Amino acid sequence: MKKHGLLLVDKATDCTSHDVVQQARRILGTRKIGHCGTLDPAATGLLVLTVGAATRLTRFLIRAPKVYEGTIHFGQVTDTYDAEGEMVEEHSTAALTQDLVAQAMASFEGEIDHQAPPYSAKKHQGKKYYELAREGQEIPVETKKVTVWELSPQGPLEDDRIDFVLSSSSGTYARTLAYEVGRAVGTGAHLCRLRRRQVGPFELARALTLDELKGRVQEGVREENLGSAWVPFNEIRLPFGEVTLDVQQERRIQHGQTVLLRGRQESEGDWIKLLGSRRQFLAVGAVTERIGERGVTIVQPKIVFSNLAGC
């Protein structure tokens, strides 16, 4: 398959995101595939794969907001903060109510300081957290700012479990939030189910399972056989603005030269998607300077695509 674009996959449980990439490489017959945001092995749902030249866009797509649904189990704390780990604490849930859970969840909405779970792929001095944890070493306390737009119950509290929806910025760990909500209500908790529904503008309803992908490809290795699970290169939406260039500007970009744009709102250092005169995806550029009163923005191409006609 010589095409370039995005492939939306519905990841099954008990496999890693890397496993999905490896299988997709075999099915599509190409090595040039990456993914835009890891899902834990036990988690399911939307995994956005970059194919061909689109792999150069992975770093931008990883930053896209995410939407999840899942289930929190109260009264039990595990060392991994999910159902895959060993239980390390058990508490009574006799005083737990749905209102108490809802209030605790709401307290985490907004911009918060957030820490990765002790068993995660986050690295410290070249070692992953889960490697340090398995060696019995202390996990460093390193927090970062993330934004939680929504964390709310979905349905009743039953059998010490409650379903929830989470909408958050990139880098938010649902396992950590489940642990923190459990601590806030005084019973402890762990994440027992997680499914990703959306990555940026891409929705799970469009995705194919790996088995469905294999069946479609066997019908004929053309992107049209993949239906809405395939996003053609020229239709890839990025989490920043775009502009259509004229023919002269297009030539400058193709030669790695800067262009001057008028009427843009981007600030110095911002990214911008550059479209050619025929609306083809030409490049990703960065704003290097704004000339105040003249309202002119200078953009330097950083990633230039060529010879992708028809993609």
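For the structure itself, consult the block above.
Scope of this entry: the structure provided in the associated data block. (Residues numbered from 1 in each chain as written. Predicted model: local features only at pLDDT ≥ 70, side-chain atom pairs only at ≥ 80, totals over all residues. Heavy atoms only, no water.)

**Observations concerning the environment of Ala207**
And step 1. Within the element layout of this structure, Ala207 appears in the loop between strand S13 (202-203) and helix H6 (210-218).
And step 2. Distance from Ala207 to Gly45, taken between C-alpha atoms, is 8.7 Å for residues 162 residues apart in sequence.
And step 3. Other than its neighbours up to four places away in sequence, Ala207 contacts Leu8, Val9, Asp10, Leu46, Glu212 and Ala229. (Helix = DSSP H or I, 4+ residues; strand = E, 2+ residues; numbered from the N terminus. Contact = heavy atoms within 4.5 Å.)

**Section: the packing of helix H1 (residues 17-28) against H6**
And step 1. One can describe the packing of H1 onto H6 by two numbers: an axis separation of 10 Å at closest approach and a directional angle of 10°. Judged by the inter-axis angle, H1 sits roughly parallel to H6. Residues Val20, Gln23, Ile27 and Leu28 of H1 lie in contact with H6, whose contacting residues are Leu210, Leu213, Lys214 and Val217.
And step 2. Residues of the contact of H1 with H6, tallied by class, amount to 6 nonpolar, 1 polar and 1 charged. (Axes fitted to C-alpha atoms, helices over the stretch in contact; angles between N-to-C directions. Parallel < 35°, antiparallel > 145°, perpendicular 65-115°, else oblique. Nonpolar A, V, L, I, M, F, W, Y, C, P; charged D, E, K, R; others polar.)

**Some remarks on the environment of Thr147**
And step 1. Mapped onto the fold, Thr147 is located in strand S10 (residues 143-153).
And step 2. Once residues within four sequence positions are removed from consideration, Thr147 is found in contact with Gly110, Glu111, Ser167, Ser168, Ser169 and Thr172.

**Some words on the sheet that holds strand S15 (residues 242-244)**
And step 1. With mixed pairing, the 5 strands of this open sheet are ordered in space as S15-S17-S18-S19-S16. One side of each edge strand has no neighbouring strand; the edge strands of this open sheet are S15 and strand S16 (259-262). Averaged over all neighbouring strand pairs, the angle between strand axes comes to 40°, with direction disregarded.
And step 2. Of the strand pairs in this sheet, S16 and strand S19 (residues 296-304) are connected by 4 bridges, and their pairing is antiparallel. Bridge pairing in S19 places Leu261 opposite Thr297.
And step 3. Seen against the sheet, helix H7 (residues 247-254) touches S16, strand S17 (271-275), strand S18 (281-291) and S19 and runs at an angle of roughly 135° to S16. (Pairing = 2+ DSSP bridges.)

**Description of the pairing of strand S1 (residues 5-11)**
And step 1. When you tally the buried positions in S1, you get 7 out of 7 residues, the bulk of the element.
And step 2. Bridge count between S1 and strand S14 (residues 230-232): 3 bridges; the pairing is antiparallel. Residue pairing in the sheet places Leu7 in a bridge with Trp230 of S14.
And step 3. By the bridge criterion, 7 bridges tie S1 to strand S3 (residues 44-51) in an arrangement that is antiparallel. Residue pairing for S3: Leu8 is matched across the bridge by Val48. (Buried < 20%, exposed > 50% of the residue type's maximum accessible area, 1.4 Å probe, protein only.)

**With respect to unusual backbone geometry**
Generally, phi is negative for residues other than glycine and the peptide bonds are trans, each holding for most cases.
And step 1. We note that Tyr81 has phi near 70°; this positive angle belongs to a residue other than glycine.
And step 2. Relative to the helices and strands, Tyr81 is located in the loop between strand S5 (76-78) and strand S6 (87-90).
And step 3. Residue Asp159 is not a glycine yet carries a positive backbone phi of 50°.
And step 4. Mapped onto the secondary structure, Asp159 falls in the loop between S10 and strand S11 (161-168).

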